[in-house]
Amino acid sequence: MAPSKTSKNAAAKPSAKTASAKPKAFGAKGDADALRGSIGQGGETHQRAAGSNSRLTSNQGTVISDNQNSLRQGDRGPSLLEDFILREKITHFDHERIPERIVHARGSGAHGTFQVYQSQGHVTKAAFLQDPKVKTPVFVRFSTVAGGAGSIDTARDVRGFAVKFYTSEGNFDLVGNNIPVFFIQDAMKFPDLVHSVKMEPDRGFPQAASAHDTFWDFVSLMPESMHMLTWVMSDRAIPRSYRMMEGFGVHTFRLIDAKGKASFVKFHWRPLNGSFSLVWDEAVKLGGADYDFHRRDLWEAIDAGNFPEYELAFQVFDEKFADSFDFDVLDATKLIPEELVPLQVVGKMTLNRNPDNFFAETEQVAFHPGHVVPGIDFSNDPLLQGRLFSYLDTQLIRLGGPNFHQIPINQPKCPFRNLQRDGHMQMQVPKGQVNYEPNSLDPEAPRESPTDGFVSHPDPYPVVQSDKVRGRAESFGDHYSQARQFFLSQTKPEQDHIVGAFAFELGKVSRPAIRARMLAHLNIVHKDLGAKVAEALGMEIDPALVRAFAEPKTLKPSPALSLLAKAPQTIKGRKVGVLVTEGSSAALIAAIYKAAMKEGAKVELVGPRVSGVSGDDGAELPIDHALYAAPSVVFDAVIAIPSKDGVAGLLREAAAIDWLRDAFGHLKAIGHNAAAAPLLTKAGIEVDEAVVDIEGGAGLKAFIAAAKQHRLWSREPKVRSPGD
Ligand code: HDD
């Protein structure tokens, strides 16, 4: 970045302090400081000269004269305890980190708006769901679950999909995941589940991975997890992008209309660009190539004005349906197939602004399923009820006290007033004598609003007179039928990936007894699943273990549960990597840019060096990445168009061979010119319908058509077998 005018001027002039004659005002390193100032990195030198607004101060407002040197007794003497500036700065730094979230620690956020398509007044009185003209601000945080705050984005894991709506009636948080069911039915088991999946407590690994003994030990003893496990072993758990995944509220919630009538509802988010996933080998390699793959992708898309959009949809049903449904709608390990209760699309969320500050916003945002507004209410789902306790509690420790709602990202954007007072980090200065209610001293003090305040739904659900119990209804008892339904609803490649994922994860389990228990469960879910995973592991299914469970129902497949079956053909918002060399055709590069831009895709040039590479017209090419820094995993489709002379250099580069070999193995569209032929041969690429010569025949058009298919699934059996 070019230095600002102020900086240049400031650098040219000596600062007030250097000018004031003490030769060693900056200590022994004075020369280095002056140099830093002159090349625009030691901003403070400039700021001293730049007028009062940019003067560096302590947190108490005291203007700081020297931000380079601590106070000491003589140039080489001891530092002095008296240095309140050093102590304040270091103390603040020491406290910069807050406890990371116990789950969902790794996340990325974005601001946006939500607009309802038409009034939903027939089912809910929630104000933000009435007027299509109203834009409700939102903040969204996407996350992985198991890893720490600094862990990789592409781990196999559930993704959090948490949305805070700043409505005119208060904040509504829809704290969901990208999978519509959960591992457990009762919040009582949540700490055990989380302990089992996090790194093992004695050894401190593995980080951000479920492929280890404690997780599979726990879930193999927890039959209610089986449905969720089939989802987590599916491609849903390795999304291509936060922009390309579905979201779900998971639990059954309630909508309440203006007359107090309640309906049950399941919340769904659908990305308008479609849902797409990585393949496992790609996810693993991305872990090395780009730790921040999803975070970067979201940031760059929003930064480029390519705003992610998601439609909100409801599945609304009444208690009669709830009672007739085969499963209990209060059981979070079950879903309601769309074929039974179709989705009603109600509005659209657009993410259009990146956070200004990661910590202040993405880290400090505090979600809570208990943040509801009039018109939305809970159900008796025991998992949800446990969550209603947990989230407020966790913010108290994470954000340090009961005033976290005053942090800007958490503040409602409607007026909020009550008589809660004091506490750590109180930012407000409430006035007056009255901090209690009822009172007769202050007629302006906040009071309750019986007519339009939040009233809990009276819940006539059959809470018949019963004993206190620690137990579960029988209607929560079938743990396998929907797992089987999910497996049978997948296309062949998706089923293969589920088999492969189970084989990989269980292959990492060191205790044979845990693997054997899981194989028995999988055999009950579906015989093919059990048999294929057993084969991949080289194990037999133990019939004694299988007999312990009842045979599940075979439910009608639900095509809506497959991602591939409904994948749109598009490359909107995707990245095409183009491998070029010195002398590559400038005309062809221009044509590629044009064709990709027409489809809303982005082109990035990958060259042998990051600069100083010219095309055949002699003009320097705008290289985005050097080859060694941009393996093909970071692109959705690739093109190799070296010049005749340039290809010789690539043939000696393992990175260039891998670039194409990986793209082929990850089933991507590959475009090339004639000069690239020896490179393709060396990379072991067999020509198929997604390997396209873009100079000849159907050319670029055929390449774009292949890229729009996302991946060439028919190539997969050539490059891997399920269980690999
Ligand atoms: Fe949770 C965070 C989603 C069950 C306790 N959860 C958290 C986040 C998401 C979810 C998206 C991250 C929010 C953010 O970005 O800040 N959690 C879910 C879903 C669940 C679920 C969809 C099941 C349907 N969670 C669940 C249970 C409990 C918790 C049963 C405890 C009884 N969850 C927490 C937590 C977290 C959290 C410990 C950690 C950080 C936070 O809340 O703010 O309280």
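Residues numbered from 1 in each chain as written. Predicted model: local features only at pLDDT ≥ 70, side-chain atom pairs only at ≥ 80, totals over all residues. Heavy atoms only, no water.

Asker: When you look at the coordination of the iron atom of the ligand in this model, what are you seeing that I'm missing?
Answerer: Geometry sets the ideal angles at a metal, namely 109.5 degrees for four tetrahedral donors and 90 or 180 degrees for six octahedral donors. With respect to protein ligation, the iron atom of the ligand binds only Tyr-391 (OH), at 1.8 Å. By the secondary structure assignment, Tyr-391 is in helix α13 (residues 382–398). (Donors = N, O, S within 2.8 Å, 3.2 Å for Na, K, Ca; no water. Helix = DSSP H or I, 4+ residues; strand = E, 2+ residues; numbered from the N terminus.)

Asker: Even after reading the chapter, I still don't get the UniProt feature "domain: Catalase core" (unreviewed entry) in the protein, so can you show me in this structure?
Answerer: According to UniProt, the positions carrying the feature "domain: Catalase core" (unreviewed entry) are residues 57–445. Helix makes up 22% of residues 57–445 and strand 19%. Its end C-alpha atoms lie 39 Å apart. (UniProt positions renumbered as here; feature names shortened; annotations may be inferred.)

Asker: So what exactly am I meant to see when it comes to helix α10 (residues 293–303) here?
Answerer: A turn of α-helix holds 3.6 residues, and therefore any two residues three or four places apart point the same way. Within α10, burial applies to Phe-293, His-294, Asp-297, Leu-298, Ala-301 and Ile-302. Buried residues in α10, looked at end-on, bunch into an arc of 150 degrees, giving them a common side. Elements in contact with the buried residues of α10: β1 (107–116), β2 (136–144), β3 (159–167), α9 (280–289) and β9 (344–353). Looking one or two places after α10, you find Gly-305, whose phi comes out positive at around 80 degrees. (Buried < 20%, exposed > 50% of the residue type's maximum accessible area, 1.4 Å probe, protein only. Arc of directions from axis to C-beta. Contact = heavy atoms within 4.5 Å.)

Asker: Hey, could you run me through the confidence of the model for the protein in this one?
Answerer: In low-pLDDT segments, the atomic positions of the prediction should not be examined closely. With 91% of its residues at a pLDDT of at least 70, the protein reaches an overall mean of 91. This stretch, residues 1–50, has a pLDDT under 50; its non-local contacts, to residues over four places away or in other chains, come to 37 contacts. Predicted complex, confidence summary: ipTM 0.99, pTM 0.92. (pLDDT = per-residue confidence, 0-100.)

Asker: Please explain the packing of aromatic side chains as it appears in this structure.
Answerer: Ring pairs (aromatic) are described by centroid distance and by the angle formed between their planes. With the rule as written, the count across this model stands at 27 aromatic pairs. Ring plane angle 80 degrees and centroid distance 5.2 Å describe the contact between Phe-215 and Trp-216, whose orientation is recorded as edge-to-face. Of the two residues, Phe-215 and Trp-216, neither departs from the other in class, the shared state being buried. Between Phe-267 and Phe-314, the ring centres sit 5.6 Å apart and the planes meet at 70 degrees, which makes this aromatic pair edge-to-face. Of the two residues, Phe-267 is situated in strand β7 (residues 262–271) and Phe-314 in strand β8 (residues 309–317); the sequence distance between them amounts to 47 residues. It is Lys-164 that lies over the ring of Phe-367; its NZ or CZ is 5.3 Å from the centre. Stacked on the ring of Tyr-166, the Lys or Arg Lys-413 has its end atom at 4.4 Å from the ring centre. (Phe/Tyr/Trp six-rings, centres within 6.5 Å; stacked < 30°, edge-to-face > 60°. Lys NZ or Arg CZ within 6 Å of the ring centre and 35° of its normal.)

Asker: I'm lost on helix α23 (residues 699–708) in this one. Help?
Answerer: Buried within α23 we find Gly-699, Leu-700, Phe-703, Ile-704, Ala-706 and Ala-707. Viewed along the axis of α23, the buried residues span an arc of 160 degrees, placing them on a single side of the element. At its buried positions, α23 is contacted by β11 (575–579), α19 (586–598), β14 (637–640), β15 (670–672) and β16 (691–693). At the exit of α23 stands His-710, carrying a positive phi of roughly 70 degrees.

Asker: Honestly, the nonpolar core in this entry has me stumped. Any pointers?
Answerer: Most often, soluble globular proteins keep nonpolar side chains buried together rather than apart. In terms of nonpolar packing, the biggest core is built from 54 residues, with Phe-183, Trp-216 and Phe-502 touching the most fellow members. Counting only elements with at least two residues in this core, the list comes to α6 (190–197), α7 (213–220), α8 (226–232), α14 (481–488), α15 (492–507), α16 (512–525) and α17 (527–537). The greatest single-element share of this core, amounting to 8 residues, is contributed by α16. The two domains that each donate at least three residues to this core are domain 1 (103–184 + 230–410) and domain 2 (481–565). Phe-183 has contacts with Val-158, Leu-193, Phe-215, Glu-224, Ser-225, Met-228, Leu-229, Val-232 and Thr-333, leaving out every residue within four places of it along the chain. (Core = buried A, V, L, I, M, F, W, Y, C linked by side-chain atoms within 4.5 Å. Domains from an automatic or database assignment.)

Asker: Help me out: how do you make sense of the packing of α15 against α17 in this one?
Answerer: For any two helices packed against each other, one specifies the crossing angle of their axes together with the interaxial distance. For the pair α15 and α17, interaxial distance at closest approach is 9 Å and the crossing angle is 45 degrees. The orientation of α15 with respect to α17, classified from their angle, is oblique. For α15 against α17, the interelement crossing comes out right-handed. Across the interface between the two elements, Ile-498, Val-499, Phe-502, Ala-503, Leu-506 and Gly-507 of α15 pack against Leu-529, Lys-532, Val-533, Ala-536 and Leu-537 of α17. For the contact of α15 with α17, the per-class residue count stands at 9 nonpolar, 1 polar and 1 charged. (Axes fitted to C-alpha atoms, helices over the stretch in contact; angles between N-to-C directions. Parallel < 35°, antiparallel > 145°, perpendicular 65-115°, else oblique. Left-handed = near helix turned anticlockwise from the far one by under 90°. Nonpolar A, V, L, I, M, F, W, Y, C, P; charged D, E, K, R; others polar.)

Asker: Any chance you could explain the side chain of Ser-58 here in plain terms?
Answerer: Turning to its location among the elements, Ser-58 is positioned in the loop between α4 (43–49) and α5 (84–94). Overall, the relative accessible area of 5% leaves Ser-58 in the buried class. Contacts of Ser-58, omitting those with residues within four sequence positions, involve Ile-64 and Glu-88.

Asker: Is there a simple way to think about the site of the ligand in this case?
Answerer: The environment of the ligand is made up of 22 residues, and the closest members are Arg-101, Arg-141, Arg-387, Tyr-391 and Gln-395. Note that an oxygen atom of the ligand is positioned 2.7 Å from one of the side-chain N or O atoms of Arg-141. At a separation of 2.8 Å, an oxygen atom of the ligand approaches a polar side-chain atom of Gln-395. The set of elements that each furnish at least two residues to the shell around the ligand consists of β3, β4 (170–177) and α13. Per element, the largest residue contribution to the shell around the ligand is 6 residues, and it comes from α13. (Near = heavy atom within 4 Å. Polar contact = N/O pair within 3.5 Å; in protein donor to acceptor, adjacent residues only side chain to side chain.)

Asker: Hey, could you run me through the domain arrangement of the protein in this one?
Answerer: Accessible area lost when the parts come together is the quantity often used to give the size of an interface. Domain parsing of the protein yields domain 1 (103–184 + 230–410), domain 2 (481–565) and domain 3 (569–719). A C-alpha centroid distance of 38 Å is found between domain 2 and domain 3.

Asker: Can you walk me through the sheet that holds β16 in this structure?
Answerer: The pairing of strands in a sheet comes from backbone hydrogen bonds and takes either a parallel or an antiparallel form. Within the open sheet, the 6 strands sit side by side as β13-β12-β11-β14-β15-β16. Their pairing is parallel. The outermost strands of the open sheet, each flanked by one partner alone, are β13 (625–626) and β16. Looking at chain direction, β14 and β15 are connected through 3 bridges and run parallel. Bridge pairing links Ala-640 to His-672 in β15. Along the sheet, α19 contacts β11, β12 (602–607) and β14; its crossing angle with β12, the most-contacted strand, is approximately 150 degrees. (Pairing = 2+ DSSP bridges.)

Asker: Quick question: what am I supposed to make of the pairing of β2 here?
Answerer: Two faces make up the sheet, and in a regular strand the side chains alternate between them. Burial runs high along β2: 8 of the 9 residues are buried. As paired elements, β1 and β2 share 8 bridges and run antiparallel to each other. Pairing of Gly-109 across the sheet is with Arg-141, part of β2. Two elements, β2 and β3, share 7 bridges in a ladder whose sense is antiparallel. Counterpart to Ser-143 in the pairing with β3 is Gly-160.

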